[in-house]
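Chain by chain, the residues run as shown.
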Amino acid sequence: MRKGAKQPDGPEPDRGTLVTPSAEFPPLDPEERAALGRIGERWRVPRRPDELPVDPTLGRSRRGPAPSRFGRLTPIDLFTVEEPGELCATGPAHEPGSRTGRALARVRRTLFGPPLSSSAVIYERMRKLVALPILSSDLLSSVAYGPEALIAVLVLAGTSALGLSLPLAALLVVLMIAVGVSYRQTIPAYPHGAGSYIVARDNLGTTAGLMAAAGLMLDYVLTVSVSIAAGVSAITSALPAFTPATVLLGVLVIAVLLAGNLRGVRTAGNIFVLPTYAFVAAILALLLVGYARAAGRGFAPVSPPPVPATEGLGLLLVLRAFSSGAVSMTGIEAVSNAIPAFRPTEWRNARTTLGWMVGMLVVLFAGLIGLIHLNGLVPRPDQTILSQLGRVAFPTGPWYALLQATTALILLLAANTAFNDFPRLLFFMARNGHAPRRFLHLGDRLSFNNGLVALALAAALIFVAFGGHTASLIPLYAVGVFLAFTLSQAGMVVHWRRHRDRGWRRKLVLNAVGATLSGLVLLIAAVGKFAQGAWLVVIAVPALVLLANRIHRHYAALHQALALHPPSAEPVTPAGPRPPAGSAEGEELPQEVRHLVIVPVARLNRASLRALAYAASLGQPTLAVHIAPEDAEADRFREQWQAWGDHLRLETIVSPYRAVIGPLAHYLEALHTTRPELTLTVIVPEVVLRHRWHRLLHSRAEQRLRAALRALPGVVVTSVPVHVAE
């Protein structure tokens, strides 16, 4: 991330995106490049590297490979020559070799579509009118349950406390505008994806960045769970017969969302565009009709039904109501996370989209709070407040059903915002070594499949654990997201102080206001909802930070172990210097490697003789090892070995307890301990069976041996296969 670039009118439009299929293969740093050159200068190979027994271009100028008996090669060109020294795998080259694999591939293409080329990543972008519904579905759909969450807390103090909904809503509108303006400033400052994780990490340090990431991860998982819970609640409000199937319906919807997003960003966008716009139109129609009816009676509020107070009206209850209503802001950071998903100019289109989103949120939220107040509605266990508004505004005709249908649909699909941003957050974390590197991988539809599956599994687990109840999930919601808001905006304050671009003082003040207000909501939510379940988030955030640090420590140790270092200055003779006593894994020059080839032989048959022939062809010292259960069998095997001709050194080991893998593994470990500079190459004869069920008839000792030797350094295990046709 370039932090010092001047941005008087925004960043350069040609910076591109950091989300590429090549992110899994980071380049070498300058020190490693220099070490690589010095290692290469000292390499000695027995023959010229271009002297190969085959044409590596697969005989483009001559007759190509013919189909084999198993049909693994076809006359179709599986590879094409793009330029000298480079082949490109075509579509048929990606087809599985087995019949079952090809059938599964056809099913996969039917469900998720054909694979997309890496070059298509530039086309898998969104224009503003498509990005708006995809990225705002979470934010806009929250107005379906955010106002109710606010009123549900106030009503605990009785009917008289409901009048506080209007001033609290006004404060929330101020908060929405402040945070929205703050994120509009963040977008041009971080045009490659201005997630809270990146902003906080760059300006406040790694720990702050990981705390923001942990908060966002929890927010995204809860977004899916809460959105699905609210959507299913909208369905059961209109169709009470489906109430017993709440959990099953929610899990099925999560599975459908996962399948839709696995088809790719652009395809998922086409699926989710219409429901979002339909929901906005339905809510606007509800507001127009509702306020028109209120105007007919002179905007006189309807008295709410009497509700007995169960708690006293105090500051803590008011603050809890405010933080509950603040869940209407979840998803406001989605655009800043997904800047690379926009069409050029990415940052400009993202900023415009965010402005539209915040404007629509303010109108819908404020309009619904006012309409609820005018109609004197209170939460009911069998029906949402939005459903009650619909019945008041549309007492006849199909309009109530349309309102509930669009509400249920947008709530169910609001989780798509999390499906878009959660994998991208994991991508950025994995790129910095704070998440498993598998989250860097782009699937065949150019989507982050691993991140999508992880989100779906986590959300489904939480949804099932809480029984799909929205009220039980809401207390967990605000802490994580406002932690990310606070750290992101505080990070931007530091950013403006460091870089002092044009107008930096005004930008600093706006971000400082956003950070202060977000921090207050975070404190209120953490304290006020601690007993209701927020303690889970308070514990989960440091736990996730600790996990991310442990992952980073592992990758740092792995990088240090695998990093290239210049070779020692010791002169190299043609025979090579005798390496010092130590691990053979430290040798990087071919003339330094000392071999000992070991062939475990259970019985003398075609498979073992082929493995012995392969080992002898390498021209390295070779030792055959036989494990016998008793002395008599060991004697018989040595006689057979003599009959064969005793071409290689044989060592027999008697295993009186009839174990094979353990004694062999310990014997190899003892050999390695005696000469740790040796590279032990264990060549295992392997019978390859054509049918999977045949494996049940064999012990598969070669796989168990490979597993036993995997932890032993300086040991290479390879298999010599013998294929059985039947």
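Residues numbered from 1 in each chain as written. Predicted model: local features only at pLDDT ≥ 70, side-chain atom pairs only at ≥ 80, totals over all residues. Heavy atoms only, no water.

### A few points about the pairing of strand E5 (residues 649-654)
Let me state the cut-off plainly: DSSP calls a pair of strands paired once it identifies at least 2 bridges connecting them. Strands are runs of DSSP state E lasting at least 2 residues, helices are runs of H or I lasting at least 4, and numbering of each runs from the N terminus.
Pairing of strand E4 (residues 622-628) with E5 involves six bridges; the strand directions are parallel. Within E5, the position partnered with Ala624 by the bridge is Leu650.

### A look at a nonpolar patch on the surface
Here is the rule we go by: Patch building starts from residues that exceed 30% relative accessible area and form no salt bridge, then joins like charges within 9 Å and nonpolar side chains (Val, Leu, Ile, Met, Phe, Trp, Tyr) within 5 Å. Every accessible area reported is derived by Shrake-Rupley at a probe size of 1.4 Å, with residue values counting cover from the shown protein chains alone. We define a salt bridge as a side-chain nitrogen of Lys or Arg found within 4 Å of a carboxyl oxygen belonging to Asp or Glu.
On the surface, Phe530, Trp535, Leu536, Val538 and Ile539 cluster together to form a nonpolar patch covering roughly 440 Å² of accessible area. Examined against the element boundaries, Leu536 turns out to sit in helix H20 (residues 530-562).

### Comments concerning the packing of aromatic side chains
By convention here, two paired aromatic rings are described through the distance between centres and the angle between planes. Convention followed: Side-chain rings of Phe, Tyr and Trp (the six-membered ring for Trp) are treated as a pair once their centres are within 6.5 Å; stacked means planes under 30 degrees apart, edge-to-face means over 60, and tilted covers the remaining angles. Summary of the burial criterion: residues with accessible area below 20% of their type's maximum are buried, those above 50% are exposed, and those between are partly exposed, where the area comes from a 1.4 Å probe applied to protein chains only.
What the rule picks out here adds up to seven aromatic pairs. With 5.2 Å between their ring centres and 45 degrees between their planes, Phe427 and Phe448 make a pair best called tilted. With Phe427 in helix H15 (residues 415-431) and Phe448 in the loop between H15 and helix H16 (449-465), this pair connects stretches of sequence that are 21 residues apart. The same class applies to Phe427 and to Phe448, which are both buried. For the ring pair Phe482 and Phe485, a centre distance of 5.1 Å and an interplane angle of 80 degrees mean the geometry is edge-to-face. Here Phe482 pairs with Phe485, and both are found in helix H18 (residues 477-499), just three residues apart, close to one helical turn. Among the residues examined, Phe482 registers a relative accessible area of 0% and is labelled buried. Phe485 gets classed as buried once you look at its relative accessible area, which sits at 0%. These aromatic residues form a ring-pair network of at least three members: Tyr183, Phe482 and Phe485.

### Regarding the packing of helix H3 (residues 128-141) against helix H12 (residues 346-375)
Each pair of packed helices can be described by the angle between their axes along with the distance between the axes. Operational definition: Only the stretch in contact is used when a helix axis is fitted, and all axes are lines through C-alpha atoms; the angle between N-to-C directions ranges over 0 to 180 degrees. When an angle is under 35 degrees it counts as roughly parallel; over 145 it counts as roughly antiparallel; between 65 and 115 it counts as roughly perpendicular; any other value is oblique. In this scheme, a crossing is called left-handed if the near helix is turned counterclockwise away from the far one by less than a right angle; it is called right-handed if the turn is clockwise. The contact definition used throughout considers only heavy atoms, calling two residues in contact when any of these lie within 4.5 Å. Gly falls in the polar group here, along with every residue not listed as nonpolar (Ala, Val, Leu, Ile, Met, Phe, Trp, Tyr, Cys, Pro) or charged (Asp, Glu, Lys, Arg).
Contact geometry of H3 with H12 gives a least axis separation of 10 Å together with a crossing angle of 45 degrees. Between H3 and H12, the angle is such that the two are oblique. In this structure, H3 meets H12 at a crossing whose hand is right-handed. Every residue of H12 that contacts H3 at Lys128, Leu129, Ala131, Leu132, Leu135, Ser136, Leu139 and Leu140 is listed here: Asn349, Thr352, Thr353, Trp356, Met357, Met360, Leu361 and Leu364. Considering only residue class, the contact of H3 with H12 consists of 11 nonpolar, four polar and one charged.

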